[in-house]
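Topology and contacts: notes
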Amino acid sequence: MGTPPLPISVLDFSPMRDGETASDSLRRTVELAQQVKELGYRRCWFTEHHNVPRLTNAAPDVVLAHIASVTKSIRVGSGGVMLPNHSPLVIAEQFGTLAGLHPGRIDLGIGRATGGPGADSEIFRMLRKPPDARDRFEFDLDELLTLLDERQAEDAPYVPARGLDLPVWLLGSSISSAAMAGKLGLPFSYATHIAPDELQVALRAYRTNFRASKTLQRNYAMICAFIIAAETDAQAQDLLASIRPILLQWFRKSGIRVPIDNARTPVVAAAPEQHLPYAIVGSPETVRSGIEAMVRQTQADELMVITLIRDPIAARRSYEIVARVCKDITRKSATATTD
C-alpha cells in the first residue's frame, strides 16, 4: 500500500454576506458541509464567535448537530468550543449526546479564547461568567476530560459521552496551549491565522512535551491555514481583495493593530499579507507548492482550510482545487520536494 494523501478538513465561520440574513448564512454553511463531504474532506468544524458582526455561528453545538443529521461519513465538530464560556459538565453532556446520536463522527475541539472574538468582557457578563474564567482553563479542562473518561468513581455524575468515541482536540495559537496538548496526549490544532509568528516553536513544544495517552499513541498536529485557490494567480488575488474588508474587521476585533484609513491605501491593502504570512493564494500550481512547503516546514499530519470567499461558486471551486491538488500530497512527498 502507498502512503495515504494528506488529510484535509474545513473550518467554517458562517460569514454573512452583503444583503444576507443569518438564515442565509447558516444555510450556506450546511451546503458547504455537504459539498466538502463529496470532495473527500475528512472533517468540517465550526467556530464559536460572540458579538462579531457578520459571523453567525455563535452556537457550534447546534450547528454541527443539524449538519451531522443531513450528512454522512464526514466528521463534524467544534473549532472550537470556548471552554471559559461554558460549564465542563454542560459541554460533556452536549457532545456526549451528539456522539451517541452520530457514533464515530463528532469531534470536540476546545479553545481558550484569551480575548477578542471568542468572548469579550461584555459577553462574559451576559454569560454570567466571572472575570477570572479564563484563568481556570487548565482546571476546567481537567474536569471536562475526567467527565468524559469511562473510568469513573461510582458516585461520579453520569455523562452520556462516557465510553463513546468522542475525540477531544486542544486548539491553540500559543506555546502554552501546545505544551498543554502534548502533556495531556491530545491532538493539537494550531491557528496560523491568529498567531503565525509562534507556529514553529509551538509545534516543537507540542511534540517535545507529548506523552502518549489511551486515546492517542503518537502526536498529531493539524495546521489551520487561510487558502484561496482559483484558475490563475491573478483570479485568486482578486478573490482575496474582495474579502479584504472582512479580514480588516477580523484583525481589529482580534486586537491586531491595523490602520483605519481608506482601504485603498498601501498600508491597509497589505494588511492580509502582513498578518497572514502562511496564507496560500493562487493557481493550482501555486497552491500545491504552498501546501507542500507548509507540510515540509511543519510536518503537519492534517491541513484545515479557511476560505472566506464571498462568491459561492468561486468558493466551491477553491475547495475543489485544494482537494484535487492534495490527492497526491503526502508528508513523505512534501518532505522530498526540494526548495
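Look up a bit, the structure's there.
About the thresholds
Residues numbered from 1 in each chain as written. Predicted model: local features only at pLDDT ≥ 70, side-chain atom pairs only at ≥ 80, totals over all residues. Heavy atoms only, no water. Helix = DSSP H or I, 4+ residues; strand = E, 2+ residues; numbered from the N terminus. Polar contact = N/O pair within 3.5 Å; in protein donor to acceptor, adjacent residues only side chain to side chain. Contact = heavy atoms within 4.5 Å. Buried < 20%, exposed > 50% of the residue type's maximum accessible area, 1.4 Å probe, protein only. Pairing = 2+ DSSP bridges. Axes fitted to C-alpha atoms, helices over the stretch in contact; angles between N-to-C directions. Parallel < 35°, antiparallel > 145°, perpendicular 65-115°, else oblique. Nonpolar A, V, L, I, M, F, W, Y, C, P; charged D, E, K, R; others polar. Arc of directions from axis to C-beta. Core = buried A, V, L, I, M, F, W, Y, C linked by side-chain atoms within 4.5 Å.

**Some details on the side chain of Thr307**
Position of Thr307 relative to the elements: it lies in the loop between strand 10 (302-306) and helix 13 (312-326). There is a polar contact of 2.6 Å between the side chain of Thr307 and the backbone oxygen of Ile227. Apart from residues no more than four positions distant in its own chain, Thr307 is found in contact with Ile227, Ser318 and Tyr319.

**What to know about unusual backbone geometry**
Each neighbour pair has its own omega, and for Gly79 with Gly80 the value is 0 degrees, a cis peptide bond. Tracing the backbone through its elements, the reader meets Gly80 in the loop between strand 3 (75-78) and strand 4 (81-82). If you check the backbone angles, Ser73 has positive phi at about 70 degrees while not being a glycine. Summarising the element assignment, Ser73 is placed in the loop between helix 2 (60-70) and strand 3. Accessibility expressed as a relative area gives 55% for Ser73, which makes it exposed.

**Comments concerning the pairing of strand 5 (residues 106-111)**
When you tally the buried positions in strand 5, you get six out of six residues, the bulk of the element. Burial of strand 5 is two-sided: the residues Ile106, Leu108 and Ile110 facing one way and the residues Asp107, Gly109 and Gly111 facing the other way are all buried. Sheet topology note: the strand 3/strand 5 ladder contains two bridges and is parallel. Counted as the bridge partner of Val76 is Ile106 from strand 5.

**Concerning the environment of Thr21**
Inspection of the secondary structure puts Thr21 in the loop between strand 1 (8-12) and helix 1 (22-38). Thr21 gets classed as partly exposed once you look at its relative accessible area, which sits at 42%. Along the sequence, Thr21 and Arg54 sit 33 residues apart, while their C-alpha atoms lie 9.1 Å from each other.

**A short note on the packing of helix 2 against helix 3 (residues 88-101)**
Across the interface, helix 2 lies against helix 3 with an axial gap of 11 Å and an inter-helix angle of 5 degrees. With respect to helix 3, the element helix 2 is oriented roughly parallel. Contact residues: Asp61, Leu64 and Ala65 in helix 2; Gln94, Phe95 and Leu98 in helix 3. Here the residues of the contact of helix 2 with helix 3 sort into four nonpolar, one polar and one charged.

**So, the pairing of strand 10**
Counting buried positions over the five residues of strand 10 gives five, a clear majority of the element. Where burial is concerned, the two faces of strand 10 agree: the one with Glu302, Met304 and Ile306 and the one with Leu303 and Val305 are both buried. As judged from the three bridges shared by strand 1 and strand 10, these two strands associate in the parallel manner. Paired with Val10 across the two strands is Val305, which belongs to strand 10. Across five bridges, strand 8 (residues 221-229) lies against strand 10 in parallel orientation.

**What about helix 7 (residues 199-209)?**
Residues of helix 7 that are buried include every one of Leu199, Ala202, Leu203, Ala205 and Tyr206, and no others. Viewed end-on, helix 7 has its buried residues packed into an arc of 160 degrees, placing them on one side of the element. Turned more than 90 degrees away from the buried face of helix 7, the exposed residues are Arg204 and Thr208. In this structure, the buried residues of helix 7 make contact with helix 6 (175-184), strand 7 (188-191), strand 8 and helix 12 (284-298).

**A word on the nonpolar core**
Soluble, globular proteins show a tendency: their nonpolar side chains are buried together. The biggest cluster of nonpolar side chains holds 97 residues, and the ones touching the most others in it are Leu108, Ile110 and Ile291. The biggest single contributor to this core is strand 8, with nine residues. When near neighbours in sequence (up to four residues on either side) are disregarded, Ile291 contacts Leu6, Ile227, Ile280, Leu303, Val322, Val325, Cys326 and Ile329.

The values are spatial; any link to function lies outside them.
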